[in-house]
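If you want the building blocks of each chain, they are given just below.
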Amino acid sequence: MANIALLERKCTSCGKCAEVCPFGAITMVAGKPDINSACKMCNICVKNCPEKALYRLETRAKSVDKSKWNDILVFAETSEGKLHPVTMELIGKAQELAKKVNYNVNVIVIGHNVKAAAEELLHYGVNEVAVYDDEALGFFRADVFADCAEDYIKFRKPSTVLIGATSLGRSLAPRISTRFRTGLTADCTVLDMKPNSDLVQIRPAFGGNIMAQIVTENTRPQFATVRYKIMDSAKREDKASGNIIERKIPKVVMESPVKHIETKPIPKGRTIADADILVVGGRGLKKESDLILIQNLAKALNGDWATTRPLVEKGWASVDRQVGMSGRTVKPKLIIVCGVSGAIQFTACMDNSEYIIAINTDEKAQIFGVAHLGLVGDLYDIVPKLTNYILEKGKL
């Protein structure tokens, strides 16, 4: 962990640090800089302090012998005994990474009545499936799930642990990584593996302005959460392989102070992530009523419509219609993006779509870098014509 510290005897209360902070993380209190949680550790204040009164204070975790940590572990998320599709995507990526360092891919399943799910996982080319099955694990409690995961990680010592960036995964992953005093990178969009087993974790940072490349060099295991529909799923084989091991439930699970009172399931409905065809409107739309152009094109294609973050922030659409890091990740067969510049936080959540068509007046827009077909022009001219053509011809 790191933070910015102040040497008060050197500080002259000049306020330069507060002036240069790009995140507004520093305020002057009683003549001294006060650094709040908005700090991103960019060190600009440290570099610009004329008296060198600010410095980066960093504590490092004790290094481990990386040779004792091997293989890749995937956390398999289940609901009512059924596997979440992100599990197969994580297995697919884990297998790709494992080949580079000659590792095996193992899976952990935690829950109640999950043995059928464990047997299904053996059709995806994994080496071992560890099962923690007990009535006490019938509903998600972050503390007891972390207890089981910690037990298996200490037993098998995986070099890397991959967890889906779902609501459950985002609650579980920080708890486990903290127990091992190691790194966790959330919402990764790209993963790679170095020959020395260091996991290269790539994700948008600083509001999507850069792609951060993060490596956990000194500690193990390495934790990363990955969004659904970012990676390609592992292929299911007819023949099962690997083996299942049933693990004893840790005693601490039964001692958890968290008790289950009642479960109220949220009614399931289709989202933009389920759409095979998606039409997205961006900042290029001039007013809220112009969303009808996007909706009409989507309707003509028997698809769904979505927006980018700026339109959600304007109140033109709800967040469940947003494509991006703070919205949904999508992977349709066809996506048409209209008036979208193509910022990293948007493209990282849709660039795995099978076919991408982009419409933008700016021929240098970033979106054309990921599009399979680019149309340089005004969406107010192109979209209505495209909609009418589809209605007349019955196809695109």
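Use the structure listed above.
Residues numbered from 1 in each chain as written. Predicted model: local features only at pLDDT ≥ 70, side-chain atom pairs only at ≥ 80, totals over all residues. Heavy atoms only, no water.

### Here we look at the layout of surface pockets
Right, so step 1: A volume near 1,900 Å³ is recorded for the largest pocket.
Right, so step 2: Glu77, Ser79, His84, Thr166 and Lys268 are, among the 42 residues lining the largest pocket, the residues nearest its centre.
Right, so step 3: Considering every element that reaches the lining of the largest pocket, the biggest residue donor is helix α6 (residues 167-179), with 3 residues. (1 Å grid on protein atoms, 1.4 Å probe; cavity = no way out; pocket = protein on both sides within 12 Å on 5 of 7 lines; lining within 4 Å. Points joined across faces, edges and corners; volume = space filled by probe spheres on them. Helix = DSSP H or I, 4+ residues; strand = E, 2+ residues; numbered from the N terminus.)

### Details of the sheet that holds strand β17 (residues 277-281)
Right, so step 1: Taken together, 5 strands build an open sheet; the order of strands is β18-β17-β19-β20-β21 and the sheet is parallel. The strands lining the two open edges of the sheet, one partner per strand, are β18 (304-307) and β21 (373-376). Taken pair by pair, the neighbouring strands of this sheet meet at an average axis angle of 15°, ignoring direction.
Right, so step 2: Of the strand pairs in this sheet, β17 and β18 are connected by 4 bridges, and their pairing is parallel. Looking at the pairing, valine 279 lines up with tryptophan 305 of β18.
Right, so step 3: Packed on one face of the sheet, helix α8 (residues 291-300) meets β17, β18 and β19 (334-338) and runs near 150° to β18. (Pairing = 2+ DSSP bridges. Axes fitted to C-alpha atoms, helices over the stretch in contact; angles between N-to-C directions. Contact = heavy atoms within 4.5 Å.)

### Comments concerning the environment of alanine 30
Right, so step 1: Within the secondary structure, alanine 30 sits in the loop between β2 (26-29) and β3 (32-35).
Right, so step 2: Here the alpha-carbon distance between alanine 30 and serine 13, two residues 17 residues apart in the chain, equals 8.9 Å.

### A look at empty space enclosed by the protein
Right, so step 1: Enumeration according to the criterion identifies 3 cavities of 30 Å³ or more in this entry.
Right, so step 2: Empty space within the largest cavity amounts to approximately 100 Å³.
Right, so step 3: Taken together, 15 residues make up the lining of the largest cavity; nearest its centre are Cys11, Ser13, Cys14, Cys17 and Cys49.
Right, so step 4: Each residue belonging to the lining of the largest cavity can be placed in one class, and the counts come to 10 nonpolar, 3 polar and 2 charged.
Right, so step 5: The space that makes up the second largest cavity amounts to roughly 80 Å³.
Right, so step 6: In this structure, the second largest cavity is lined by 14 residues; those nearest its centre are Cys21, Ile26, Cys39, Cys42 and Cys45.
Right, so step 7: Taken together, the residues of the lining of the second largest cavity sort by class into 12 nonpolar, 1 polar and 1 charged. (Nonpolar A, V, L, I, M, F, W, Y, C, P; charged D, E, K, R; others polar.)

Purely geometric stuff here, so don't read any function into it on its own.
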